[in-house]
Amino acid sequence: MLAKRMERLGTETAFVVLARAKALEAEGQDIVHLEIGEPDFDTPTNIIDKAIEALRGGYTHYGPAAGLPDVRKVFAEYIARDRGIGVGPQNIVVVPGGKPIIYYTLTALVDEGDEVIYPNPGFPIYESVINFLGARAVPLRLAEENAFSFSVEDLAARISDKTKMLILNSPQNPTGGVLSADDMDAIAELAVKHDFWVLADEIYSKIIYEGKHESISTRPGMLERTILLDGHSKTYAMTGWRLGFGVMPVALAEMVSKLQTNCTSCTASFTQVAGAEAFVGPQEAARAMVAEFRARRDLLVDGLNAIDGITCLRPKGAFYVFPNISALGLKAKEAETRLLENFGVAALAGTSFGKYGEGYLRFSYANSQANIRKALERVAGFAASER
Ligand code: PLP
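The rules behind the values
- Residues numbered from 1 in each chain as written.
- Predicted model: local features only at pLDDT ≥ 70, side-chain atom pairs only at ≥ 80, totals over all residues.
- Heavy atoms only, no water.
- Helix = DSSP H or I, 4+ residues; strand = E, 2+ residues; numbered from the N terminus.
- Rg over C-alpha atoms; globule rule 2.2 N^0.38 Å.
- Buried < 20%, exposed > 50% of the residue type's maximum accessible area, 1.4 Å probe, protein only.
- Contact = heavy atoms within 4.5 Å.
- Areas by Shrake-Rupley, 256 points an atom, 1.4 Å probe, with all protein chains shown as cover.
- Lys, Arg positive; Asp, Glu negative; His and termini not counted.
- Charge placed at Lys NZ, Arg CZ, Asp CG, Glu CD.
- Patch = residues over 30% accessible without salt bridge, like charges linked within 9 Å, V, L, I, M, F, W, Y side chains within 5 Å.
- Salt bridge = Lys/Arg side-chain N within 4 Å of Asp/Glu carboxyl O.
- Pairing = 2+ DSSP bridges.
- Axes fitted to C-alpha atoms, helices over the stretch in contact; angles between N-to-C directions.
- Expected span 1.5 Å × (residues − 1).
- Arc of directions from axis to C-beta.

### Overview of the overall build of the protein
- Along the protein, the regular secondary structure elements total 12 helices and 12 strands.
- Relative to a compact globule of 387 residues, whose C-alpha radius of gyration would be 21 Å, the protein shows 21 Å and is just as compact.
- Reported as C-alpha extents along the three principal axes, the dimensions of the protein are approximately 55 × 55 × 50 Å.
- The 387 residues of the protein split such that 58% are buried.
- For the protein, the share of sequence-separated contacts (at least 6 apart) that also reach a separation of at least 24 residues comes to 74%.
- Only carbon and sulfur atoms are counted for the fraction: they give 52% of the accessible area of the protein, which is about 16000 Å².
- The centroid of the 40 positive side-chain charges in the protein is displaced by 2 Å from the centroid of its 48 negative side-chain charges.

Shown next, in the form of structure tokens:
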């Protein structure tokens, strides 16, 4: 008999669809993979070389729970420079991927019965962990008519005296939406006034096509109530390395390190050394990836909008599109299944990201332009069969 709390734990269905797509491939079907949120590029060679050098140089041992001191210093300098905030190594906790920061900081801060406001549709792990901890998950709807953002009034209406935290994600998964400077100002004012934490998931901060990335941590009164989540998975195509970090007030960093001691002890040492190289070394490869993502975005958005029954906004960031398929008259989950089983395109139902994702699909464009063209032909065939 499992513990009761396991009934409240959600998951990420991208991995479930990926497994089904692989099973179909093993049976001989040709599948275009647009389901998983991982760059199809290789990690830049300077980072790989540094990891090999680190392995040969003895970075094969346990390190401190919060991360290697030199690596924390490089990460802190990067964030201080990039976001323009006054943080040091003591504010950094290095973790295996960006994801553990969500689990660790919610565990450290949120009691049963506390309320956490989170984006819906949004990265499914937010809702899953909030529920798992026995807190109340309060969805903040991201609507297509607001370019997948929310109004300050929407947010204000969800704040109560039990609100402990707001989760922000910009650029956003699954919609590609980006919050503006004005949004950040207004949200920060509410956070200070109502005294809640903000978990700012900025994992896509470098994958942005228009305007500049805004971090709420720069707003007055926010540094002491913000947890900034960042990591190497998306920017440097390092998903399998498992490397990310959180930036937070020192007292919280100490508690998060303690949780890390209880779970993983530390992040792999040679991986951390390679992660420091990512920030100090050449950035051309990372920039070239973003340029290619932009071309793919335009190809996919234009192609989807040319299909009868599908409309798609042009996202400003991340590498996802979130087309509206409601005119086709079927549930998002059914569309996901039919697209995969009958048309060989792996995509995710919008509802994989929460109830407000009904009527949408998420396509990740972390795949070649040739494969995106192939997928578009197949999606057109699928749409025609539904009309
Ligand atoms: N946050 C968001 C919004 C994501 O989309 C993802 C990965 O898909 C993560 C966090 C986790 O990233 P990582 O693979 O570094 O744990």
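Read on, since the account is not over.
### Thoughts on a nonpolar patch on the surface
- Residues Leu 2, Met 6 and Leu 9 make up a contiguous nonpolar surface patch of about 300 Å² in total accessible area.
- Its place among the elements puts Leu 9 in the segment before helix H1 (13–26).
- You can call Leu 9 partly exposed: its relative accessible area is 37%.

### Here's the deal with the sheet that holds strand E4 (residues 136–141)
- Taking strand neighbours across the sheet as the criterion, the seven strands line up as E2-E8-E7-E6-E5-E3-E4 in an open arrangement whose pairing is mixed. Looking at which strands have only one partner, the edges of the open sheet turn out to be strand E2 (92–95) and E4. For this sheet, the mean inter-axis angle between neighbouring strands, taken without regard to orientation, is 20 degrees.
- Inspection of the sheet shows strand E5 (residues 163–169) paired to strand E6 (residues 197–201) by five bridges, in the parallel sense. When the bridges of E6 are listed, Met 165 appears paired with Trp 197.

### Section: helix H2 (residues 45–56)
- In this model, H2 (12 residues) spans 17 Å end to end at C-alpha, consistent with the 16 Å of a helix rising 1.5 Å per residue.
- Taken residue by residue, H2 has Asn 46, Ile 47, Ala 51 and Ala 54 as its buried positions. The buried residues of H2 occupy an angular sector of 140 degrees when the element is viewed end-on, so they sit on one face. In H2, the exposed positions angled more than 90 degrees off the buried face are occupied by Thr 45, Glu 53 and Arg 56.
- Following H2 by one or two positions, Gly 58 has its phi on the positive side, about 95 degrees.

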